Amino acid sequence: MTSQDNTNIEAPARRRSQQPASRSIFDVPAPIKQLFDRFPLVTYPINHLPQRAPQHRNAPILHIFTTTEGASIGAPSYNPACLKWQTYLKFSDIDFRVVASSNHASPSGALPFLLPTQPDTLKPVQPVPSGKLQRWTMNNSETAIEESGDLRYEAYLSLLDHRIRRAWLYNIYLSNNFTSIAEPLYILPTSNNPFVRLTVARELRLAAEKELLKYSAIVNAEMLYNQAGEALEALDSLLGDQEWFFGAEKPGLFDASVFAYTHLLLDDGLGKGWLDTSLRNTLESRQHLIAHRNRILNKYFSSTT
């Protein structure tokens, strides 16, 4: 309708019949059409990936907590969860690379995760989260390692997943080691902004405290260290003079899980060094575990240390 028609909706039918036919909502308004007639749309070809982007990868990539330098040489991760799977893949003779990453890069919100080999195809590969890494490894390794069927397996694994892990959380995030280990490894690399760093630090400490309060009404450092000491003693006795846990011929996921803690506790170069050595001290007298750690370090990480 014209502006005059808008002011007189009671106009005779004859006048309405003189109006142009109704327009589709898909019709381009005249002013816009005139504009695009002068500047027509042009469809450009799709941009190619940058030269540095990995194409046709011939090795899986494990995303872990590590430094750029550490990633370049495949050094052990400074995070127990990442180091566990990094070590297990080595046990399984998987040819892989590591890259320095963060939880923000992970599809699941947590590290590690693995990107399988990228074939010569346009179809993207799906990342493998840590919860599916053992099955993926079993399906992709020619020397797949079956875990022990020992009835004690789950009981001893719980010592690692609970008592030792809880003591580690306290020792790294809630003790004096926070400024010497957690800060340089997990906080400073996130941003140069002091407010961002302060926020990340607060969130890490709160998350650790919240996790520990799931198991006790209060966070008691002495109790946590004592329980971890008892767990390490039990693991040391279980291993005894055997080369690998449960008398296996080759190291498996359990060995990798133990190494993930024992190696880091004995690592003098972790962050800026240990200020609170309480947890570390509980390991120093466990000679079987120390020998186990050194065997793995020398055999599977000799070129990186």
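For every chain, the first residue of its written sequence is number 1, and the numbers climb from 1 along that sequence. In keeping with the model being predicted, local features are shown solely for residues with a pLDDT of at least 70 and side-chain atom pairs are shown and tallied solely at 80 or more, while totals for entire chains, interfaces and linings include all residues. Side-chain calculation: all heavy atoms of the structure are included, whereas hydrogens and water are not.

1. Quick look at the nonpolar core
And step 1. Joining through side-chain atoms within 4.5 Å is the link that ties buried Ala, Val, Leu, Ile, Met, Phe, Trp, Tyr and Cys residues into a set, and such a set is a nonpolar core. Only protein chains enter the accessibility calculation, which uses a 1.4 Å probe. A residue is then buried if its area is under 20% of the maximum for its type, exposed if over 50%, and partly exposed in between. Within the largest apolar cluster, 77 residues are counted, with the highest numbers of intra-cluster contacts made by Trp-168, Phe-245 and Phe-254.
And step 2. A total of 13 residues in this core trace back to one element, the largest contributor, which is helix α7 (residues 153–174).
And step 3. Note that domain bounds follow an automatic or database assignment of domains. Shared between two domains, this core holds at least three residues of each, these being domain 1 (61–139) and domain 2 (151–301).
And step 4. The contact criterion used throughout is that any non-hydrogen atoms of two residues lie within 4.5 Å. Those residues in contact with Phe-254, other than ones at most four positions away along the chain, are Glu-147, Tyr-153, Tyr-156, Leu-157, Leu-160, Leu-235, Phe-245 and Phe-246. The way it works is that DSSP assigns letters per residue, a run of H or I at least four long becomes a helix, a run of E at least two long becomes a strand, and they are numbered from the N terminus.

2. Here's the deal with the packing of α7 against helix α9 (residues 194–212)
To describe two helices that pack against each other, one gives the angle between their axes and the distance between the axes.
And step 1. In this description, a line fitted to the C-alpha atoms serves as the axis of each element, helices being fitted only across the stretch in contact, and the angle between N-to-C directions of two axes falls anywhere from 0 to 180 degrees. One way to put it is that α7 packs onto α9 with a least axis distance of 10 Å and a crossing angle of 150°. Our classification of the angle between α7 and α9 gives roughly antiparallel. Crossing of α7 against α9: the hand is left-handed. For the pair formed by α7 and α9, the contact residues are Arg-165, Arg-166, Leu-169, Tyr-170, Tyr-173 and Leu-174 on the first element and Leu-204, Arg-205, Ala-208, Glu-209, Glu-211 and Leu-212 on the second.
And step 2. Residues belonging to the contact of α7 with α9 are distributed by class as follows: seven nonpolar, no polar and five charged. Should an angle lie under 35 degrees it is considered roughly parallel, over 145 roughly antiparallel, and from 65 to 115 roughly perpendicular; all remaining angles are considered oblique. Left-handed describes a crossing in which the near helix is turned anticlockwise from the far one by less than a right angle; the clockwise case is right-handed. Polar here means any residue outside two lists: the nonpolar Ala, Val, Leu, Ile, Met, Phe, Trp, Tyr, Cys and Pro, and the charged Asp, Glu, Lys and Arg; Gly therefore counts as polar.

3. A closer look at helix α13 (residues 287–300)
And step 1. Expected span, for any helix, means 1.5 Å times one less than how many residues it has. An ideal rise of 1.5 Å per residue puts 20 Å on 14 residues; α13 measures up with 20 Å between its terminal C-alpha atoms.
And step 2. When α13 is considered as a whole, its buried residues turn out to be Leu-289, Ile-290, His-292, Arg-293, Ile-296, Leu-297 and Tyr-300. Projected down its long axis, α13 carries its buried residues within an arc of 160°, all on one side. Pointing more than 90 degrees away from the buried face of α13 are the exposed residues Gln-287, Asn-298 and Lys-299.
And step 3. In this fold, the buried residues of α13 make contact with α5 (80–91), α10 (221–239), α11 (253–265) and α12 (278–283). Within this analysis, the arc is defined by the directions that extend from the helix axis to the C-beta atoms.

4. Overview of unusual backbone geometry
And step 1. For the bond from Leu-111 to Pro-112, the omega torsion is 0°, close enough to zero to count as cis.
And step 2. By the element assignment, Pro-112 lies in the loop between β2 (97–100) and β3 (113–115).
And step 3. Of note, the phi angle at Asp-93 is positive, near 60°, even though the residue is not glycine.
And step 4. Looking at where Asp-93 falls in the secondary structure, it is placed in the loop between α5 and β2.
And step 5. A positive phi is found at Phe-246, a non-glycine position, where the angle reads about 60°.
And step 6. One can find Phe-246 in the loop between α10 and α11.
And step 7. Taking relative accessible area as the criterion, Phe-246 reaches 15% and is therefore assigned buried.

5. Let's talk about the sheet that holds strand β1 (residues 61–64)
And step 1. Here a strand pair is declared whenever DSSP counts at least two bridges between the two strands. Taken in spatial order, the four strands of this open sheet run β2-β1-β3-β4, and their pairing is mixed. Each having just a single partner strand, β2 and β4 (128–129) make up the two edges of the open sheet.
And step 2. Direction of pairing for β1 relative to β2: parallel, over a ladder of four bridges. From the neighbouring strand, Leu-62 faces β2, where its bridge partner is Val-98.

6. Some remarks on the environment of Glu-284
And step 1. Relative to the helices and strands, Glu-284 resides in the loop between α12 and α13.
And step 2. Separated by 18 residues in the primary sequence, Glu-284 and Leu-266 have C-alpha atoms spaced 8.1 Å apart.

7. Some thoughts on the side chain of Arg-293
And step 1. Summarising the element assignment, Arg-293 is placed in helix α13.
And step 2. None of His or the chain ends enter the tally, which takes Lys and Arg as positive and Asp and Glu as negative. Here a salt bridge means any side-chain nitrogen of Lys or Arg lying within 4 Å of a carboxyl oxygen belonging to Asp or Glu. No salt bridge is formed by the buried Arg-293. Its closest oppositely charged neighbour is Asp-267, at 5.5 Å.
And step 3. Setting aside chain neighbours within four positions, we find Arg-293 in contact with Phe-259, Thr-262, His-263, Leu-266 and Asp-267.

8. Looking at the packing of aromatic side chains
And step 1. Aromatic rings from Phe, Tyr and Trp, taking only the six-membered ring of Trp, are treated as a pair when their centres fall within 6.5 Å; an angle between ring planes under 30 degrees marks them as stacked, one over 60 as edge-to-face, and anything in between as tilted. Applying the stated criterion across every chain yields a total of 14 aromatic pairs.
And step 2. Between Tyr-170 and Tyr-225 the ring centres are 5.9 Å apart and the planes differ by 80°, which places this aromatic pair in the edge-to-face class. Note that Tyr-170 is positioned in helix α7 and Tyr-225 in helix α10, a separation of 55 residues in sequence.
And step 3. On the accessibility criterion, Tyr-170 (17% relative accessible area) is buried.

9. Points about α10
And step 1. A rise of 1.5 Å per residue sets the reference length of α10, with its 19 residues, at 27 Å; its end C-alpha atoms lie 27 Å apart and thus fit the reference within 8%.
And step 2. When α10 is considered as a whole, its buried residues turn out to be Leu-224, Tyr-225, Gln-227, Ala-228, Gly-229, Ala-231, Leu-232, Leu-235, Asp-236, Leu-238 and Leu-239.
And step 3. Structurally, α10 contributes buried residues whose contacts are with α7, α9, α11, α12 and α13.
And step 4. Backbone geometry just after α10 places Gly-240 at a positive phi near 55°.

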